[in-house]
Amino acid sequence: MISKLEELTLFVVLRGSGSATASEVQAALSEAAKKEQSFGSVFTTLDRLSDKKLVKWRKGEPDRRRGGRAPRLYEITGAGRKALDEAVRATRIAAGGSGSIAPWGVLP
Amino acid sequence: MSDKIHVFISSGHHRDWKKIHESLVATYPEKLVVVPSVRDGELEKGWAKVFEAGKLRMAGKERTRFISMLLAVFRPWIELSKVFRRGRRGPPKGFLIDLLVPADRAEDMLSGLQTAYEERWVPKYGARRARRIFMTQSIGSILGFWIDWMMKHLRLLKFFAS
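Counting starts from 1 at the beginning of each chain's written sequence and moves along it residue by residue. In the order they appear in the text, chains get letters beginning with A and ligands get numbers beginning with 1. Predicted model: local features are reported for residues with pLDDT of at least 70 only, side-chain atom pairs are reported and counted for 80 or more only, and whole-chain, interface and lining totals are derived from all residues.

A. Looking closely at the overall build of chain B. Helix and strand definitions here come from DSSP, where helices need a minimum of 4 consecutive H or I residues and strands a minimum of 2 consecutive E residues; each element is numbered from the N-terminal end. Broken down by element type, chain B carries six helices and two strands. Element order for chain B, N to C, with α for helix and β for strand: β-α-β-α-α-α-α-α. Taking all 162 residues of chain B together, the buried fraction comes to 17%. Partitioning the intrachain contacts of chain B with sequence separation of at least 6 by distance along the chain shows that 54% fall at a separation of at least 24. Between the buried cut of 20 or more and the exposed cut of 12 or fewer other C-beta atoms within 10 Å of a residue's own C-beta lies the partly exposed class, and all C-beta atoms are placed from the backbone. Placing C-beta atoms from the backbone, we regard two residues as in contact once those atoms come within 7 Å.

B. Just the overall build of chain A, in detail. Check the secondary structure of chain A and you find four helices and two strands. Ordering the α and β elements of chain A from the N terminus gives α-α-α-β-β-α. Evaluated residue by residue, chain A yields a buried proportion of 36% over its 108 residues. Across chain A, contacts joining residues at least 24 apart in sequence account for 44% of those joining residues at least 6 apart.

C. Focus on unusual backbone geometry. All names here are of chain A. Backbone geometry at Ser 17 places phi at a positive 40 degrees, although glycine is not the residue there. Inspection of the secondary structure assignment puts Ser 17 in the loop between α1 (4–15) and α2 (22–33). The exposure class assigned to Ser 17 is exposed, which follows from the 9 C-beta atoms found within 10 Å.

D. Just the interface of chain A and chain B, in detail. The interface of chain A with chain B comprises 19 residues on the first partner and 20 residues on the second. The leading source of residues in the side of chain A that touches chain B is helix α3 (residues 39–51) of chain A, at six residues. Throughout, the ten residues Ala, Val, Leu, Ile, Met, Phe, Trp, Tyr, Cys and Pro are labelled nonpolar, Asp, Glu, Lys and Arg are labelled charged, and all others, Gly among them, are labelled polar. Of the residues that constitute the side of chain A that touches chain B, the class distribution is six nonpolar, seven polar and six charged.

E. View of the nonpolar core. By definition, a nonpolar core groups buried Ala, Val, Leu, Ile, Met, Phe, Trp, Tyr and Cys residues that are joined through C-beta atoms within 7 Å. Membership of the largest hydrophobic core comes to 39 residues, with the highest contact counts inside it found for A:Val13, A:Val25 and A:Leu46. Among the elements of the structure, α1, α2, α3, β2 (72–76) and α4 (78–94) of chain A together with α5 (103–125) and α6 (127–161) of chain B are those that each provide at least two residues to this core. When residues in this core are grouped by element, the largest group, seven residues, is from α5(B). With sequence-adjacent residues up to four places away left out, A:Val25 is seen in contact with A:Thr9, A:Val12, A:Val13, A:Ala20, A:Val42 and A:Leu46.

F. View of α4(A). The first and last C-alpha atoms of α4(A) sit 24 Å apart over 17 residues, in line with the 24 Å expected at 1.5 Å per residue. Against α1, β1 (55–59) and β2 of chain A lie the buried residues of α4(A). Multiplying one less than the number of residues by 1.5 Å gives the expected span of a helix.

G. Structural context of the pairing of β2(A). All names here are of chain A. Counted residue by residue, β2 has four buried out of five residues, so it is predominantly covered. Here five bridges tie β1 to β2, and the two strands are oriented antiparallel to one another. Paired with Lys 59 across the two strands is Arg 72, which belongs to β2. When DSSP locates at least two bridges between a pair of strands, those strands are taken to pair.

H. Focus on the packing of α2(A) against α5(B). As a packed pair, α2(A) and α5(B) sit with axes 8 Å apart at the nearest point and diverge in direction by 50 degrees. The angle between α2(A) and α5(B) falls in the class oblique. Counted together, A:Ala22, A:Ser23, A:Gln26 and A:Ala27 of α2(A) and B:Asp108, B:Gly112, B:Thr115, B:Ala116 and B:Arg120 of α5(B) form the full contact between these two elements. In terms of residue class, the contact of α2(A) with α5(B) is built from three nonpolar, four polar and two charged. Every axis in this analysis is a line fitted to C-alpha atoms, fitted for helices over the stretch in contact. Angles between the N-to-C directions lie between 0 and 180 degrees. Here roughly perpendicular refers to angles of 65 to 115 degrees, roughly parallel to angles under 35, roughly antiparallel to angles over 145, and oblique to all remaining angles.

Printed below as a string of structure tokens:
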């Protein structure tokens, strides 16, 4: 089972369709929480998800500005989609819903 | 832009004088000396004391002399501020992250923080507060990284111990 923060992070990574950056994840989480989310927790969560093989990353293009750094581009894996789907299903069941799978239908 | 230094002496009579000050400072950040409103009692007294003038409302030769005095006094400060401002252009460099986090992780961290700084924090909070947020977030990221690293290794130690 994944934590709520991991679940939200996975949602944002999924939405980023293969090129989500830590900055985008932090922006989305800040918007959801209505306060500035800590970058530290975002990086830690992404690292943890990466260790669990729920997301994978590749190096992006360096920023155009002088001395610009290359961000990691995160992409959700099959295991990640499955974990996310299970988390959503668990939430629905806990909320008294049908427990049916998410609209994007990950599970067979 | 020319190297001319703009001196703006506000009478403070205009009802939007604060806005005018701000827009002038924004237009000529390095080349403007604003003498604050004469209606501002404290500042007026301060300026009068510095230049040994009884009043700040001056005209003709007196004003010209006053302005040249101002320029003479402020010249080193203006030059210094130019140097500092030049260093401040763009997002912070994130020296602490480069120093304390492994290179491959630091690159992504800095990219994320610098993007957030430029695209969200500066427009939302202004440069000064954005810098403070950048600093706080940097320290949080460094601590988060090392705490996570420690926890991971402690878990491994526990695993082998059992």
